[in-house]
Amino acid sequence: MFKSLRFQFLTNGRRWSSSDAAVRHSKRIKTGRERREHFNAHSRKVEGECQGPVTQEPRLPKKKVALYIGFNGTGYQGMQLNPTALSIEQTLFDALCKAGAVSSLNSSDPKKIQLNRAARTDKGVHAAGNIVSLKMIVEDPDIVSKINAHLPEQIRVWGYTHVMGSFHAKNSCNARVYEYWLPTYALMPPAPAKPIHSTRKLPTDIRIAGGNDNTAVGYISPSTPDEMVVKHAYRVNAERFEKFKQAVGMFNGTHNFHNYTISRAYSDPSAKRHMMEVKVNDPTYFQGTEWLSVKLRGQSFMLHQIRKMMSMAMLVTRSNTPLSLIDRSFEATKINIPKAPALGLLLDQPLFDHYNQRVEGRDDREPIGFDKFQSQINEFKREWIYSKIFETDRAGQVSLAEQSLSSIDDLSHAVAGVAHVAKPYEEGVVMLRKMRLFKEPIDKELAEAKAKLEMWTNEKKSIESWTLNWFMFWITCEVKAETQRCIEGIKKSNVLVAEAQKKVDEEDEKIREAEASHEKNAVDNRTLQKYREELTELLDSIFNESDFSTEKALKEQVDGVRADLEKIQKEDETIEKVMELIKKADTSLLEAVVELRQSNDNKTLSEGQVYFPQEAFDALKTAREIYPELPAIQSPVEYNKKPDDTGTYYSPMQRYLWDVRQSLKDLMHWCDMRLLDHMDDEAEGIVALGAKIDEYNLERRRLVREVILSA
């Protein structure tokens, strides 16, 4: 499959099939009668009818609306639709269909009603207010009550607002407000150190990590009931509370939050986020425990960003670390920041200030805001969000082992849901690499054409400068002839540059189109790698130095596949370094030819010697040292007196250097063919390694469920 990709990009066109003709015909449907016939032919039959006339559902008008919702995220994988797990969005869509807000014709796919959410939430995260935009049937005045009747009590629809047709819940949202609740005992000074075990003694043991690579260094037991009594009785003092507020306040403004998420480099522009306001409210109390609420208002947030921000502020406060550490976390240095629990995080509401300004003063559209539902939302917060947060922390009703198993199950389902994208993604990567590889000779052709143009232009300028010398007057006729020859050379060079530039632009456009079509798989593959990495890390923490034979056997297989892949990748890296050195030598030789023609200096050398730029010599020497298998360069043996395609004649030295460049071209072709052979093997190795890791993790998941937790 991978090897067939080598020549796919050479095909620019395709044949039209009969299905294509049908599509073209459907696009030519113009009259009302034709449209009715087309609709009758393609509309659904009533369920249960297999024969007879087609019965159509009444077509009711839809309106673009902003739907106000709130939910307790416990038990859900998150807000966004996920085919492999239970999500808020899927539950809401099912209720909309059952209540009649979405027709049966559109019930197969949320995209048909343009369903979008203002803010995504992670697993277990709550939302007092969120906005979903969609096209909805609103003929029934009791539609909100009917939707809620089909929803569990932990998910509520507050109402809806008619919006402009261009409204998009995510793109029209200019800010989001989150709230994070934490017990003040999270700010207590560190307790005396507990014994650290090299392996997990019990499933409830907590993994302790250190270093920027998150390497496990040991395990400790969780807090005892007596220790929890002390924690719940703790009250934060004024000094510690003030330091926590200062720490939280340092997140205000625009910063590079690459350390507060995953898979984002410091150089990634998307790592910069603007926090409009982050503030801490005064303590409140629930069943004897003191709690703090932190409100965060920002334009947008990355994965785990808020939980890591809260964790950093808590750790700096409780360990009495200088606040300058937070400033350092915005710099390029990688800092490992743990995540605070998701339990205390909730989305308060998204904001649409810019959209509201657009509809201000209009009679047919209302601004978007939660104020009119505030009493309902406050009641829902008390009953379904705040109380659940406080009660869960107080009762400790979910053991760490059960939490781990739940996370393992969720991540396993998430990996399975996107694992299919690995092969098409790697095929796309190979395709793009080959397209760029085959474009390199065209880039070289353009560089040569520009060099020839530069040589002719410089020669013309040099000839024109001769006429300024009075003693050269007698050769004016010869100067005119040389000038005309230069003009012809410049014309031919311009034609070569234009032709080469056109080829380069065409190839660049093909690559851009391929990159655009590849982006969807790239996004899905990043998601797959994130889930796979988190699942592997979680299972690694449980199976440290395990004695299970099946786990060890699969681990050896994973290591074997990884070793084979690394061998291929290492050789590819070496070949790519060699190619860069060859390009460097080629550029140096080309510059030397231009310099020799411009200076008319052909380097006085002894008989049998040739001039060779030192930079080119060093580059080729280094290439030979790091890759001894590189073929030898064939040195030119004859002086070719013929002009090139622009009419340029070269001196023996210039021609020698130019011919050496042709030998480098053969060397580059040899490297290209080696890379082409390795690309397919590398892609297959990456897919095989991912599949083997998934097999390994599934076996470890089985062992956790059937052996470890049942012991």
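Quick caveat, the model's predicted, so the values are computed rather than measured. (Residues numbered from 1 in each chain as written. Predicted model: local features only at pLDDT ≥ 70, side-chain atom pairs only at ≥ 80, totals over all residues. Heavy atoms only, no water.)

Here's the deal with the overall build of the chain
Phase 1 of the analysis: Along the chain, the regular secondary structure elements total 16 helices and 12 strands.
Phase 2 of the analysis: Here the chain, with 711 residues, has 43% of them falling under the buried criterion.
Phase 3 of the analysis: A separation threshold of at least 6 residues defines the contact pool for the chain, and within that pool the share at least 24 residues apart is 78%.
Phase 4 of the analysis: As presented, the chain carries roughly 38600 Å² of accessible surface, and 52% of it is formed by carbon and sulfur atoms. (Helix = DSSP H or I, 4+ residues; strand = E, 2+ residues; numbered from the N terminus. Buried < 20%, exposed > 50% of the residue type's maximum accessible area, 1.4 Å probe, protein only. Contact = heavy atoms within 4.5 Å. Areas by Shrake-Rupley, 256 points an atom, 1.4 Å probe, with all protein chains shown as cover.)

Some thoughts on the packing of helix α6 (residues 238–249) against helix α7 (residues 305–318)
Phase 1 of the analysis: Look at α6 against α7: their axes get within 9 Å of each other, and the N-to-C directions meet at 145°. Like other packed secondary-structure pairs, α6 and α7 cross with a definite hand, here right-handed. Touching Arg240, Lys243, Phe244, Ala247 and Val248 of α6 are Met310, Ala313, Met314, Val316, Thr317 and Arg318, all from α7.
Phase 2 of the analysis: Classifying every residue of the contact of α6 with α7 gives seven nonpolar, one polar and three charged. (Axes fitted to C-alpha atoms, helices over the stretch in contact; angles between N-to-C directions. Left-handed = near helix turned anticlockwise from the far one by under 90°. Nonpolar A, V, L, I, M, F, W, Y, C, P; charged D, E, K, R; others polar.)

Some remarks on the nonpolar core
Phase 1 of the analysis: Residues Ile147, Phe244, Phe251, Leu296 and Met310 are the most contacted members of the largest nonpolar core, which totals 70 residues.
Phase 2 of the analysis: Ranked by residues supplied to this core, first place goes to α7 with seven residues.
Phase 3 of the analysis: Leaving out residues up to four positions away in the same chain, phenylalanine 244 has contacts with Leu182, Leu187, Val280, Leu292, Val294, Ala313, Met314 and Thr317.
Phase 4 of the analysis: Core analysis: the next-biggest nonpolar cluster, separate from the first, contains 36 residues, Val578, Leu620, Leu667 and Met668 among them. (Core = buried A, V, L, I, M, F, W, Y, C linked by side-chain atoms within 4.5 Å.)

A closer look at the pattern of salt bridges
Phase 1 of the analysis: Counted by the stated rule, this structure contains 31 salt bridges.
Phase 2 of the analysis: Close ionic contact of lysine 583 with glutamate 440 constitutes a salt bridge, the shortest N to O distance being 3.2 Å. Of this pair, lysine 583 sits in helix α14 (residues 549–599) while glutamate 440 sits in helix α12 (residues 422–466); the two residues are 143 residues apart in sequence, bridging distant segments of the chain.
Phase 3 of the analysis: What makes lysine 583 partly exposed here is its relative accessible area of 29%.
Phase 4 of the analysis: Here glutamate 440 falls in the partly exposed class, since its relative accessible area comes to 21%.
Phase 5 of the analysis: The partner of arginine 562 in a salt bridge is aspartate 559, with the nearest N and O atoms 3.7 Å apart. Residue arginine 562 and its partner aspartate 559 are located together in helix α14, separated by three residues, close to a single helical turn.
Phase 6 of the analysis: Judged by its relative accessible area of 29%, arginine 562 is partly exposed. (Salt bridge = Lys/Arg side-chain N within 4 Å of Asp/Glu carboxyl O.)

Concerning the environment of tyrosine 627
Phase 1 of the analysis: Secondary-structure assignment places tyrosine 627 in the loop between α15 (614–626) and α16 (652–708).
Phase 2 of the analysis: C-alpha separation for the pair tyrosine 627 and glutamate 571, spaced 56 residues apart in sequence, amounts to 9.1 Å.
Phase 3 of the analysis: When near neighbours in sequence (up to four residues on either side) are disregarded, tyrosine 627 contacts Glu571, Thr574, Ile575, Val578, Trp670 and Arg674.
Phase 4 of the analysis: Among the polar contacts listed, one links the side chain of tyrosine 627 to the side chain of glutamate 571, at a separation of 2.9 Å. (Polar contact = N/O pair within 3.5 Å; in protein donor to acceptor, adjacent residues only side chain to side chain.)

A short note on unusual backbone geometry
Phase 1 of the analysis: Unusually for a residue other than glycine, glutamine 114 sits at a positive phi of about 60°.
Phase 2 of the analysis: By the element assignment, glutamine 114 lies in the loop between α3 (88–99) and β2 (116–117).
Phase 3 of the analysis: Phi angles above zero are rare outside glycine, and histidine 304 is one such case at about 65°.
Phase 4 of the analysis: With respect to the helices, strands and loops of the structure, histidine 304 is situated in the loop between β11 (289–298) and α7.

Points about the confidence of the model for the chain
Phase 1 of the analysis: In this model, the chain carries an average pLDDT of 81, and 79% of its residues clear a pLDDT of 70 or more.
Phase 2 of the analysis: Considering only residues more than four positions removed or in separate chains, one finds that residues 42–55, a stretch of pLDDT under 50, has 15 contacts.
Phase 3 of the analysis: In the predicted structure, residues 397–401 sits below a pLDDT of 50 and forms 10 contacts with residues beyond four places in sequence or in another chain. (pLDDT = per-residue confidence, 0-100.)

A word on the environment of valine 280
Phase 1 of the analysis: Checked against the element boundaries, valine 280 lands in strand β9 (residues 272–280).
Phase 2 of the analysis: Looking at valine 280, the relative accessible area reads 13%, which means it is buried.
Phase 3 of the analysis: Residues valine 280 and glycine 249 lie 31 residues apart in sequence; the distance between their C-alpha atoms is 8.4 Å.

Re the environment of valine 359
Phase 1 of the analysis: Position of valine 359 relative to the elements: it lies in helix α9 (residues 353–359).
Phase 2 of the analysis: Judged by its relative accessible area of 1%, valine 359 falls in the buried class.
Phase 3 of the analysis: Separated by 195 residues in the primary sequence, valine 359 and methionine 164 place their C-alpha atoms 8.5 Å from one another.
Phase 4 of the analysis: Beyond its immediate stretch of four places on either side in the chain, valine 359 contacts Met164, Arg365, Glu366 and Pro367.

What about the packing of aromatic side chains?
Phase 1 of the analysis: By the definition in use, this model includes 18 aromatic pairs.
Phase 2 of the analysis: Grouped by ring-pair contacts, the aromatic residues Trp181, Phe286, Trp291, Tyr386 and Phe390 constitute a single cluster.
Phase 3 of the analysis: Here lysine 388 stacks its cationic end above the ring of tryptophan 384, 5.0 Å away from the centre of that ring. (Phe/Tyr/Trp six-rings, centres within 6.5 Å; stacked < 30°, edge-to-face > 60°. Lys NZ or Arg CZ within 6 Å of the ring centre and 35° of its normal.)

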